[in-house]
Amino acid sequence: MMRALFSAVLVMVGLTGCDSVRDISRDPRYATLVGREVRTKVPMWLYDFNEPPAPLDASELIEKDSGNHRKVGLVSVGQSVRFNKASRHRSWTTVTEVLEGQMNYKSREYWIRYRTYAHLGPSAWSSLFDIFDAERPPEKTYR
């Protein structure tokens, strides 16, 4: 009985210990994006899933229209965005890298999140420089 209970506890601790979030803001791949103001190079959509007056989560900034649920609007090319942090979110099934920051849209400030698609492969993050007007870091700094 004790052995089964001990095994169950180990499994539960193992399950909760696999999800993690790590700050990667100093990663050279994001050096020209984090801590700077950049501009969008493509039209993007802003979604806010928070319920006022107590926002709990960042609004999503994405390239594709995901329907009308909580859509704020279309962000035009040249919109200013400031990313303050990059983080790596690891779970059992995937690793996602996320840029977080803020932007003003229609006279309101939004706390935003942009997912970098890093889970699609080691060079997927480089598409950021097709989406945001930032200089691509020299390859020798992140290889």
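The paragraphs below set out a description of the structure included in this document. (Residues numbered from 1 in each chain as written. Predicted model: local features only at pLDDT ≥ 70, side-chain atom pairs only at ≥ 80, totals over all residues. Heavy atoms only, no water.)

Quick word on the overall build of the protein
Here's step 1: For the protein, the helix and strand inventory stands at two helices and eight strands.
Here's step 2: Of the regular secondary structure in the protein, the N- to C-terminal order runs α-β-β-β-β-β-β-β-β-α.
Here's step 3: By residue count, 38% of the 143 residues in the protein fall in the buried class.
Here's step 4: For the protein, restricting intrachain contacts to residue pairs at least 6 apart in sequence, the fraction spanning at least 24 positions comes to 59%.
Here's step 5: When the accessible surface of the protein is split by element, carbon and sulfur atoms take 56% of a total near 9200 Å². (Helix = DSSP H or I, 4+ residues; strand = E, 2+ residues; numbered from the N terminus. Buried < 20%, exposed > 50% of the residue type's maximum accessible area, 1.4 Å probe, protein only. Contact = heavy atoms within 4.5 Å. Areas by Shrake-Rupley, 256 points an atom, 1.4 Å probe, with all protein chains shown as cover.)

Observations regarding the pairing of strand 4 (residues 59-62)
Here's step 1: Burial of the side chains of strand 4 extends over both faces: S59 and L61 are buried on one face and E60 and I62 on the other.
Here's step 2: Examined bridge by bridge, strand 3 (residues 44-47) and strand 4 share three bridges and lie antiparallel to one another. Considered in strand 4, the bridge of W45 is made with I62.
Here's step 3: In this structure, strand 4 lies alongside strand 8 (residues 108-115), joined through two bridges in parallel fashion. Across the sheet, S59 pairs through a bridge with I112, a residue of strand 8. (Pairing = 2+ DSSP bridges.)

Describing unusual backbone geometry
Here's step 1: Here the phi dihedral of K106 falls at roughly 50°; this positive angle occurs in a residue that is not glycine.
Here's step 2: The backbone of S107 shows a phi angle near 65°, a positive value even though the residue is not glycine.
Here's step 3: As for its position among the elements, S107 is in the loop between strand 7 (95-105) and strand 8.

Some thoughts on the environment of A86
Here's step 1: On the secondary structure map, A86 appears in strand 6 (residues 80-90).
Here's step 2: For the pair formed by A86 and R113, sequence separation is 27 residues and the distance between their alpha carbons is 9.5 Å.
Here's step 3: Leaving out residues up to four positions away in the same chain, A86 has contacts with R22, D23, I24, S25, Y30, V34, V98 and L99.

Considerations on the nonpolar core
Here's step 1: Judged by nonpolar contacts, the single largest core of 24 residues is most densely connected at Y30, L33, L61, L99, M103 and F132.
Here's step 2: Secondary structure elements with two or more residues in this core: strand 3, strand 6, strand 7, strand 8 and helix 2 (128-131).
Here's step 3: Those residues in contact with L33, other than ones at most four positions away along the chain, are V38, F83, L99, L128, F129, F132 and A134. (Core = buried A, V, L, I, M, F, W, Y, C linked by side-chain atoms within 4.5 Å.)

Looking at the environment of L74
Here's step 1: Following the sequence through the fold, L74 ends up in strand 5 (residues 71-75).
Here's step 2: Separated by 31 residues in the primary sequence, L74 and Y105 have C-alpha atoms spaced 9.6 Å apart.
Here's step 3: Aside from chain neighbours lying at most four places away, what touches L74 is P43, M44, W45 and Y105.

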